[in-house]
Amino acid sequence: MQAIEFKSQLEHGQITVPASFHLMEGQSLRVLILLDEKAGGKEAKLREAENIWGRTAGAWQGELLVRVPQGEFEQRLELE
């Protein structure tokens, strides 16, 4: 059995294997994942970025958002 070692980051549930290892598509592999203990501070940032606001911030690339006219409605008079 041949062993290779490289550093990578999990992105969208996938780990990228560097092309320099010349693995064949469909090749059978046995994978062992070791978590990098030094990167512990990054985990909190990753969790924060995964919340809905972090994932969608700045995502709107369309036209300006304009509120359409709401029509006429009766107004309440303020009591003194």
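Presented here is a report on the structure given in the accompanying data block. This is a predicted model, so every value here is computed, not measured. (Residues numbered from 1 in each chain as written. Predicted model: local features only at pLDDT ≥ 70, side-chain atom pairs only at ≥ 80, totals over all residues. Heavy atoms only, no water.)

Quick look at the overall build of the protein chain
Logical step 1: The helix and strand inventory of the protein chain stands at two helices and zero strands.
Logical step 2: Considering the protein chain as a whole, with its 80 residues, one finds that 0% of them fall into the buried category.
Logical step 3: Summed over its atoms, the accessible surface of the protein chain is roughly 9,400 Å², and 55% of this surface lies on carbon and sulfur atoms. (Helix = DSSP H or I, 4+ residues; strand = E, 2+ residues; numbered from the N terminus. Buried < 20%, exposed > 50% of the residue type's maximum accessible area, 1.4 Å probe, protein only. Areas by Shrake-Rupley, 256 points an atom, 1.4 Å probe, with all protein chains shown as cover.)

Focus: the layout of surface pockets
Logical step 1: In this structure, the second largest pocket spans a volume of roughly 170 Å³.
Logical step 2: If you go around the second largest pocket, the residues you meet are Val17, Pro18, His22, Leu23, Met24, Glu25, Gly26, Gln27 and Leu29.
Logical step 3: Taken together, the residues of the lining of the second largest pocket break down into five nonpolar, three polar and one charged. (1 Å grid on protein atoms, 1.4 Å probe; cavity = no way out; pocket = protein on both sides within 12 Å on 5 of 7 lines; lining within 4 Å. Points joined across faces, edges and corners; volume = space filled by probe spheres on them. Nonpolar A, V, L, I, M, F, W, Y, C, P; charged D, E, K, R; others polar.)

Remarks on a nonpolar patch on the surface
Logical step 1: On the surface, a cluster of nonpolar side chains totalling about 880 Å² of accessible area is made up of Ile4, Leu10, Ile15, Val17, Leu23, Leu29, Val31, Ile33 and Leu35.
Logical step 2: Structurally, Val31 is set in the segment before helix 1 (40-49).
Logical step 3: Given a relative accessible area of 63%, Val31 falls into the exposed group. (Patch = residues over 30% accessible without salt bridge, like charges linked within 9 Å, V, L, I, M, F, W, Y side chains within 5 Å. Salt bridge = Lys/Arg side-chain N within 4 Å of Asp/Glu carboxyl O.)

Quick look at unusual backbone geometry
Logical step 1: Phi at His12 takes a positive value of approximately 55 degrees, unusual for a residue other than glycine.
Logical step 2: Tracing the sequence through the fold places His12 in the segment before helix 1.
Logical step 3: Even without being glycine, His22 reaches a positive phi, approximately 50 degrees.
Logical step 4: Secondary-structure assignment places His22 in the segment before helix 1.

Looking at the environment of Thr16
Logical step 1: Counting through the fold element by element, Thr16 comes out in the segment before helix 1.
Logical step 2: Looking at Thr16, the relative accessible area reads 58%, which means it is exposed.
Logical step 3: The contact partners of Thr16, leaving out residues within four places of it in the chain, are Phe6 and Ser8. (Contact = heavy atoms within 4.5 Å.)

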